[in-house]
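A look at the structure
Below are the chains, spelled out letter by letter.
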Amino acid sequence: MNPAPRFSLRQLAYFVAIAEAGTISEAAQRLHISQPAVSLALSDLERALKVQLCVRRKSHGITLTPTGTQVLRRARQLLRQAEDLEGEASAGEGSLTGVLSLGCFVTLAPTVLPPLLQGFSALHPGLTVDFAEATQDVLQRRLLSGELDLAVIYDMDVVPEMERAELFTMRPHILLPADHPLADRPAVSLHELAPEPMVLLDAAPSSHHALGLCHGFGVVPRVRYRPTSYEVARALVGRGMGWSILVQRPSNDRTYEGSRVVIKEIAEPVRAEAVLLAWPRAVRLNRRAEEFLRYCRDAALPTGARPEASQA
């Protein structure tokens, strides 16, 4: 019989709260318990593990040690596994409870998240899905640190530590203002647009992808604007301030201001880009994540996200 661990799940939960809050006092407020109780739990955990998890600085919060960063990732996994065990023991075989932490790349979120969240929540009303929108580099860091269970991302700049399942593909396109001289053509060459100012969506990996496409065909674009928001990029194009390369295709051809934009196929041979559901290879998916993965593979994706929409 294996000996019982010298630490408790409560101590791990308090440690995770401290790491996420940045200070012991803020963690105590979030947990609705006294500050001395949180501080004592951290000390007891360090004593049980025989390591220093963080450096405490008066009036400056805490800083995780390298060991503390590793323990934080494992603590999150253990707490999720404990939550899975509790949920499976108290619920029926077909029911899901607890929290699923989901991430989504910012430009995909408006069209991909709502139908998936609505459909999955209807099947599992006892489950809470917490989601975060971020750039792809941030999402992958949060997956590896144990903050997220799954993330919807593009198959671009994916780190080797990630496992992935392809959901659908979309073809990159050129976005032009409706009154652009080339707006009536079904396809436009990147070479034709090279002399004009470009609006580059600067949200990783979008900027790297767009520039890579241009350089791959010997085009050096004149980047004039670098918005970090998808809708700001569309608004600038709608005002005739440049052209852009985007992947996501909203069904609405109007910007927030009401300007009309048009989608044009890229005349050069470009490949369709895959959209993935990703998670760390080293992590075994819990039941909530496994069911969400199964649902995503079977679900009717939004019109703008279906593979055939890439030919629109």
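Structure report, in brief. (Residues numbered from 1 in each chain as written. Predicted model: local features only at pLDDT ≥ 70, side-chain atom pairs only at ≥ 80, totals over all residues. Heavy atoms only, no water.)

1. Details of the overall build of the protein
Helix and strand counts for the protein come out as ten helices and 13 strands. If you line up the protein on its principal axes, its C-alpha atoms span 75 × 50 × 35 Å. By the burial criterion, 49% of the 312 residues in the protein qualify as buried. Residue pairs in contact within the protein that sit at least 24 positions apart in sequence constitute 72% of those at least 6 positions apart. Split by element, the accessible area of the protein, about 15,700 Å² in all, is 52% carbon and sulfur. In the protein, which carries 34 positive and 34 negative side-chain charges, the distance between the mean positions of the two groups comes to 5 Å. (Helix = DSSP H or I, 4+ residues; strand = E, 2+ residues; numbered from the N terminus. Buried < 20%, exposed > 50% of the residue type's maximum accessible area, 1.4 Å probe, protein only. Contact = heavy atoms within 4.5 Å. Areas by Shrake-Rupley, 256 points an atom, 1.4 Å probe, with all protein chains shown as cover. Lys, Arg positive; Asp, Glu negative; His and termini not counted. Charge placed at Lys NZ, Arg CZ, Asp CG, Glu CD.)

2. Details of the pattern of salt bridges
One pass over the structure, following the stated rule, counts 15 salt bridges. Two residues, Glu26 and Arg30, come together in a salt bridge whose shortest N-O distance is 3.2 Å. Remark: Arg30 and Glu26 occur in helix H2 (residues 24–31); sequence separation between them is four residues, near one turn of the helix. A residue is classified by how much of its surface remains accessible, and Glu26, at 28% relative accessible area, is partly exposed. Connected via shared salt-bridge partners are Asp253, Arg254 and Arg260. (Salt bridge = Lys/Arg side-chain N within 4 Å of Asp/Glu carboxyl O.)

3. Focus on the packing of aromatic side chains
Following the criterion strictly, the structure yields three aromatic pairs and no others. Relative to Phe292, the ring of Phe120 lies with its centre 5.0 Å away and its plane at 85°, an arrangement referred to as edge-to-face. Separated by 172 residues along the polypeptide, Phe120 in helix H5 (residues 109–123) and Phe292 in helix H10 (residues 287–298) bring together distant segments of the chain. Consider the rings of Phe120 and Tyr295, whose centres lie 5.7 Å apart with planes at 50°: the pair is tilted. Taken together, the residues span a long stretch of sequence, with Phe120 in helix H5 and Tyr295 in helix H10 at a distance of 175 residues. Pair check on accessibility: Phe120 and Tyr295 agree, each one buried. What links up through ring pairs into an aromatic cluster is the set Phe120, Phe292 and Tyr295. (Phe/Tyr/Trp six-rings, centres within 6.5 Å; stacked < 30°, edge-to-face > 60°.)

4. Some details on the packing of helix H1 (residues 9–21) against helix H3 (residues 35–49)
Across the interface, H1 lies against H3 with an axial gap of 9 Å and an inter-helix angle of 110°. Relative to H3, the element H1 is oriented roughly perpendicular. Remark: the crossing between H1 and H3 carries left-handed chirality. Contacts between H1 and H3 pair Gln11, Leu12, Tyr14, Phe15 and Ile18 from the former with Ala37, Val38, Ala41, Leu42, Asp44 and Leu45 from the latter. A per-class count over the contact of H1 with H3 returns nine nonpolar, one polar and one charged. (Axes fitted to C-alpha atoms, helices over the stretch in contact; angles between N-to-C directions. Parallel < 35°, antiparallel > 145°, perpendicular 65-115°, else oblique. Left-handed = near helix turned anticlockwise from the far one by under 90°. Nonpolar A, V, L, I, M, F, W, Y, C, P; charged D, E, K, R; others polar.)

5. With respect to the nonpolar core
Within the largest apolar cluster, 54 residues are counted, with the highest numbers of intra-cluster contacts made by Leu108, Leu150, Leu277 and Phe292. Setting aside residues up to four positions removed in sequence, Leu108 forms contacts with Leu113, Val152, Ile153, Tyr154, Met170, Gln248 and Val275. By size, the runner-up hydrophobic cluster in this structure holds 20 residues, among which are Val188, Leu211, Val219 and Val262. (Core = buried A, V, L, I, M, F, W, Y, C linked by side-chain atoms within 4.5 Å.)

6. A look at the environment of Val283
Take Val283: it is sitting in the loop between strand S13 (273–280) and H10. For Val283, a relative accessible area of 27% translates into the label partly exposed. Val283 sits 219 residues away from Leu64 along the chain, and the two C-alpha atoms are 22 Å apart.

7. Regarding the side chain of Arg234
Note that Arg234 resides in helix H9 (residues 230–238). Given the relative accessible area of 3%, Arg234 is considered buried. Discounting residues that sit within four places of it in the chain, Arg234 has contacts with Leu175, Leu246, Pro250, Asn252, Asp253, Arg254, Thr255 and Val261.

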